[in-house]
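# Summary of structural features
The primary structure of each chain is shown beneath.
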Amino acid sequence: MQKITSLRMLPLDVKHRWMFVAILFYGILVKNNIVGSSDTNDTCRQKNVLFASAIESSYPFPSEVVYNKTRMKLGFNIKPQEGNKTPACCHNEDFNCNFTIKKSHDIWILILNNETLSKHDIVLMHSPNQVFKPPSNTTSGFLLHIHQWLNTGNQNIRLSQNSFCEKIQPYDKDACKGLKETDYNLIISISSKSHHCVPCKPPGKKPGGAITLPPPHSNNGTGISMEDAAKIMNNISLLLEGMVNESTATITIGNIKGVITKLPPKNQTDIIFGITTSVDINVLEDNDSMTDFSRSVQIPSEASTMAVKRNSSFAAVLVFPGIRQDDPKSFFLNNEVMGIEMGTEISNLSHTIVIHYRNEDKNGNIASCRSWDGKGKKAIWITDGCKTKETNGSITCQCSHLTFFAILMSPPPGNISSSDFTSLTYITSIGCGLSMFFLAVALFMYCFIRKGKASQATKILMNLFVSMFTLNLSFLVNESIANLGNFDACVAVAAVMHYTMLATISWFFIEGLHFYFTLWKLPTDIKHYMMKICITGWGTPAVVVIAFVAVRQYDYMVIHTDVGNSAKMCWISNAVVHQGVNVGYYAVVFIFTLIVFIMTVRKIVLLKPAAGKAQDTSSIKTNSFYILGLVFLLGITWAFAFFSYGPLLIASYYIFTILNSFQGFLLFIYYFNSSKITREDRSFTASSSTTDTSNTVVTNPH
């Protein structure tokens, strides 16, 4: 007997049997096995049904459309295990098979649009192989055993046009990647018998109008010159006539895309535009999610109010692609420039214009927000009026004026290798931890053991210990807080670290000043002496830090290596300010403490033993120990960090890092040993009397 290959080849009575089988199968399946329901309005009429599954079936379902006498049609879009031929019913005008089914364990994902279900319902068959288990290849066997083959324990899901989404989720850029705005991403859980869908239409609304202009004559297909871009932005107000009654309109000038919106005369609000990767622009409301777009522009109401007062009536944003940077070592992010125009000069905004780029891979480059005022034939990109913020792969430009904007991507300076960076990080972390431990022990000894016997010099030393302990602590937690992405916390830890650093430098100065008084036997019984020096040591840095917080000088700072790795910390964002304030302040203190150190060493060297008596070994060791202690006590070793430049930069970093690691430990030993022979306000002396100079030990003021 010739093998049956299609329904058209069957005899008439066999075709009737297939129709009976399909109708019976449909009736039982819909009645007993389908989770969900058809539209309410469809209950009074029969609707075509297309059966589909993500699982290949070993049973040969009919390829052709199966008709019902009640004008209902059945189709089966179920792939057989052998072959990948599209069923004939998918070519019928009554069925739409333009949808995709994927299966991942217990989750099914269906990609479709609203038009897919306009002609028919879809029944998703969970286990098509279990529904039909034919005992024989004969049609009569199929008819006789259809009730046995139908496995009622396997639930199927029916989808209808107006009820296929049980729960509608917010727009998800990842779920809708590569899909059209009319598509839906339907996610079905077989075990829980529930499903929800994600509409792929981004939030916001499309501009009502559309303005299309020919590209500039000088456009070579890859981009335009910035001079032509400036001309376009200067003439953008002419497009208002083409908007007619629309309040917003898209702008297309060749490959340049943008949007223009009319400003209301009163009650200005923030203007927010969301830009997709394909440069489709939506107008967003305040409660719309901007995270669903690759780029967004937010123009504050302050700018709109300023524009209306100056007789302007619009705001426009244009994206210019294919813009190249003259410097071959740097480039613009996405090779694009963004122009924002409001028909008048807008500057000195207290609420900045925010341009946000999301999920950008910098590939180890440094991002910097730049602007150009649109004047002159050659674009000069500057950072004035713009701040760059980076958080979790996103780059945000905050600018106080309107003009052309771009994010310049530059290679890192590469002034430190990855191996050096790793080594210095480990040394610093371990050293700071050790210093904190010994400083804490010294403070404990002072507070609970020797506080009642403390001299003025010891009290000054304890203030230095407190500032150094807090500085080391804030440095250790700085990177962790920076990685949290909380800007307020970053500003706080940067301010604390800056304050304790300036306080430590101040106490270096006070230590040198007190040594100077002691060395030259100047009186220190000044009224409220300790209170005055404490105000100097702790108050002066506070004034500086408060001023820095007020002018927003604290921000994220990224340290790059030569292989593209980076580490983030919270610190002063402006390198010039850091050099002028911190380095300048330390330089003044360093000069003074170095002079005091030289004077002290000179005094020790000039001390000579009495005639006929040799200086004993213990005196030499003690004086040498005090000289070494002075180096750390006066902060002279910090010069390796503040005054490091040129080819000796890395070597200086290693020297400073190692010495700073031992600073807390050596100062603890210095305090512990010197406190054994401390007396109130004891001055430097060469011997116990002016006539007996056999003991040439310099007595420490502590």
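A brief structural summary. (Residues numbered from 1 in each chain as written. Predicted model: local features only at pLDDT ≥ 70, side-chain atom pairs only at ≥ 80, totals over all residues. Heavy atoms only, no water.)

## Remarks on the overall build of the protein chain
For the record, the criterion: Under the DSSP-based scheme used, a helix requires at least four consecutive residues in state H or I and a strand at least two consecutive residues in state E, with every element numbered from the N terminus. Relative accessible area decides the class of each residue, using a 1.4 Å probe on protein chains only: under 20% of the type maximum gives buried, over 50% gives exposed, and in between gives partly exposed. Contact definition: two residues touch when any of their heavy atoms are within 4.5 Å. A 1.4 Å probe and the Shrake-Rupley method give the accessible areas. Residues count as covered only by the protein chains that appear here.
The secondary structure content of the protein chain amounts to 14 helices and 27 strands. Counting only residues that meet the buried cut, the protein chain has 46% of its 702 residues in that class. A sequence separation of at least 24 residues applies to 72% of the contacts in the protein chain between residues at least 6 apart. Summed over all atoms, the accessible surface of the protein chain reaches about 35500 Å², with 57% contributed by carbon and sulfur.

## Concerning a nonpolar patch on the surface
Worth spelling out the cut-off: Any residue with relative accessible area above 30% and no salt bridge may belong to a patch, with like charges joined within 9 Å and the nonpolar Val, Leu, Ile, Met, Phe, Trp and Tyr side chains within 5 Å. Counted as salt bridges are all cases of a side-chain nitrogen of Lys or Arg within 4 Å of a carboxyl oxygen of Asp or Glu.
Judged by side-chain polarity, L473, F475, L476 and V477 come together as a nonpolar surface patch covering roughly 290 Å² of accessible area. You can see L476 is positioned in helix α8 (residues 456–484). Classification of L476 by relative accessible area gives partly exposed; the value is 32%.

## Brief notes about the pattern of salt bridges
Using the criterion set out here, one finds 4 salt bridges in the structure. With its nearest N and O atoms 2.7 Å apart, the salt bridge here joins R295 to E336. Here the residue R295 occupies a position in strand β17 (residues 295–299), and E336 occupies one in strand β20 (residues 336–341), the gap between them amounting to 41 residues. The buried category is assigned to R295, whose relative accessible area is 4%. Note that D555 and K389 form a salt bridge whose closest N and O atoms lie 3.4 Å from each other. Taken together, the residues span a long stretch of sequence, with D555 in strand β26 (residues 554–560) and K389 in strand β23 (residues 386–391) at a distance of 166 residues. By the burial criterion, D555 is buried, and K389 matches it.

## With respect to the nonpolar core
Note the following rule: Throughout, nonpolar core names a set of buried Ala, Val, Leu, Ile, Met, Phe, Trp, Tyr and Cys residues whose side chains join them through atoms within 4.5 Å.
Ranked by size, the top nonpolar core spans 60 residues in total, and within it F465, M501, Y554, L633, W638 and Y671 carry the most contacts. Broken down by element, the residue count for this core peaks at 14 residues, all from helix α9 (residues 487–519).

## Regarding the packing of aromatic side chains
Operational definition: Planes of paired rings set the category: under 30 degrees apart is stacked, over 60 is edge-to-face and the rest tilted, where pairs are Phe, Tyr or Trp rings (Trp by its six-membered ring) whose centres lie within 6.5 Å. Think of it as a cone above the ring: NZ of Lys or CZ of Arg counts as a charge over the ring if it is within 6 Å of the ring centre and within 35 degrees of the ring normal.
Summed over all chains, the structure comprises 22 aromatic pairs. Note on F51 and F76: the rings are 5.1 Å apart at their centroids and 10 degrees apart in plane angle, and the pair reads as stacked. Placement of F51 in strand β2 (residues 49–52) and of F76 in strand β4 (residues 73–77) is noted, with a sequence separation of 25 residues between them. We note that F51, like F76, is buried. Pairing Y586 with F643 gives two aromatic rings, centres 5.6 Å apart and planes at 45 degrees, and the pair type is tilted. Residue Y586 is located in helix α11 (residues 575–606), and its partner F643 is located in the loop between α13 (639–642) and α14 (649–674); the two are separated by 57 residues in the primary sequence. Three or more aromatic residues joined by ring pairs make a cluster, and in this case those are F508, Y586, F590, W638, F642, F643 and F656. The side chain of K568 reaches across the aromatic face of Y556, ending 5.1 Å from its centre.

## A closer look at the sheet that holds strand β24 (residues 394–399)
Condition: Note on pairing: two strands pair once DSSP finds at least 2 bridges between them. Only C-alpha atoms enter the line fits that serve as axes; for helices the fit covers just the stretch in contact. Angles between N-to-C directions range over 0 to 180 degrees.
Taken in spatial order, the 6 strands line up as β16-β15-β17-β21-β24-β23 in an open sheet, and their pairing is antiparallel. Edge positions in the sheet fall to β16 (281–284) and β23, since each of these pairs with one other strand and no more. The mean inter-strand angle of the sheet, taken between neighbouring strand axes irrespective of direction, is 15 degrees. Looking at chain direction, strand β15 (residues 271–275) and β16 are connected through 4 bridges and run antiparallel. The residue of β16 that forms the bridge with I275 is I281.

## Description of the state of the cysteines
Let me state the cut-off plainly: By convention in this document, the label disulfide applies to cysteine sulfur atom pairs within 2.5 Å.
Taken as a whole and assessed by the stated rule, the structure comprises 5 disulfides. Here C369 engages in a disulfide with C397; their sulfurs sit 1.9 Å apart. Taking the sign of the S-S torsion, -85 degrees for the link of C369 and C397, the bridge is left-handed. Residue C369 is located in strand β22 (residues 366–372), and its partner C397 is located in strand β24; the two are separated by 28 residues in the primary sequence. Each of the two residues, C369 as well as C397, counts as buried.

## A closer look at unusual backbone geometry
Despite not being glycine, N359 has its phi angle at roughly 50 degrees, a positive value. Unusually for a residue other than glycine, R552 sits at a positive phi of about 60 degrees. Among the structural elements, R552 can be located in the loop between α10 (529–550) and β26. Judged by its relative accessible area of 62%, R552 falls in the exposed class.

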